[in-house]
Amino acid sequence: MYKYKVTILIDPNNSWIEEFAKKIKYNKKKYIVKFSKSSFHVSNQDIVLVLSYTKILKSNFLKKNKLVLIAHPSDLPKNRGFAPVQ
């Protein structure tokens, strides 16, 4: 059985979210999940979940990973920032 490689990318300056991200429940038979605080250490992943990351991700980062999911409450890059809804 193939295990999907998943990385949860968290900004080191916003590590408050790490506590919540580590509570994410997943099927350990299907997924290998790791955490990273730097995009430079992430490559060849099936899924990258980007949470509260403040750096701009380069296009080569996007190309090095199959699926990059960015959780943000508005359209990027126009409505960037920590409180775009306000």
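Only a predicted model underlies this, so the values are computations on that prediction, with no experimental measurement involved.

## A few points about the overall build of the protein chain
When its secondary structure is counted, the protein chain shows two helices and four strands. From first element to last, N terminus to C terminus, the protein chain shows the α and β order β-α-β-β-α-β. Out of the 86 residues belonging to the protein chain, those deemed buried represent 29%. The long-range share in the protein chain, meaning contacts at least 24 apart out of those at least 6 apart in sequence, stands at 56%. Summed over its atoms, the accessible surface of the protein chain is roughly 6500 Å², and 57% of this surface lies on carbon and sulfur atoms.

## Things to note about the packing of aromatic side chains
This structure, assessed with the given rule, holds three aromatic pairs. Above the face of the phenylalanine 35 ring, lysine 22 is positioned so that its terminal group lies 5.4 Å from the ring centre.

## Some thoughts on the nonpolar core
Side chains of nonpolar character tend, in soluble globular proteins, to be buried together. In this structure, Leu9, Val42, Val48, Val50, Tyr53, Leu57 and Phe61 together form the largest nonpolar core, which totals seven residues. Setting aside chain neighbours within four positions, we find valine 48 in contact with Thr7, Leu9, Val42, Phe61, Asn65, Leu67, Val68 and Leu69. Ile10, Ile17, Ala21 and Leu51 belong to the second largest nonpolar core, which has five residues in total.

## Notes on the side chain of glutamine 45
Tracing the backbone through its elements, the reader meets glutamine 45 in the loop between β2 (31-36) and β3 (47-51). Of note is the side chain of glutamine 45, whose polar atom sits 3.5 Å from the backbone nitrogen of valine 6. There is a polar contact of 2.9 Å between the side chain of glutamine 45 and the side chain of threonine 7. Excluding anything up to four places from it in sequence, glutamine 45 contacts Lys5, Val6, Thr7, Lys34, Lys64, Asn65 and Lys66.

Conventions and cut-offs
Sequence order as written defines residue numbering, which begins from 1 separately in each chain. Per-residue local features of the predicted model are confined to residues with pLDDT of at least 70, and side-chain atom pairs are confined, for both listing and counting, to 80 or more; whole-chain, interface and lining totals are unaffected and use all residues. No hydrogens and no water enter the side-chain calculation; it runs on all heavy atoms of the structure. Strands are runs of DSSP state E lasting at least 2 residues, helices are runs of H or I lasting at least 4, and numbering of each runs from the N terminus. The buried label goes to any residue with under 20% of its type's maximum accessible area, the exposed label to any with over 50%, and the partly exposed label to all in between, with areas taken from a 1.4 Å probe on protein chains only. The contact rule is simple, with two residues in contact once any of their heavy atoms fall within 4.5 Å. Computed with a 1.4 Å probe, the accessible areas rest on the Shrake-Rupley method; for each residue, only the protein chains presented here act as cover. Pairs were defined over the aromatic rings of Phe, Tyr and Trp, the Trp ring being its six-membered one, requiring ring centres within 6.5 Å. Orientation was assigned from the angle between planes: stacked under 30 degrees, edge-to-face over 60, tilted for the rest. Geometrically, a charge over a ring is one whose NZ (Lys) or CZ (Arg) sits within 6 Å of the ring centre while staying within 35 degrees of the ring normal. Only buried residues count toward a nonpolar core, which is a set of Ala, Val, Leu, Ile, Met, Phe, Trp, Tyr and Cys residues joined through side-chain atoms within 4.5 Å. Think of a polar contact as two N or O atoms within 3.5 Å of one another; within protein, one of them needs to be a possible hydrogen donor and the other a possible acceptor, and neighboring residues in sequence only count if both atoms come from side chains.

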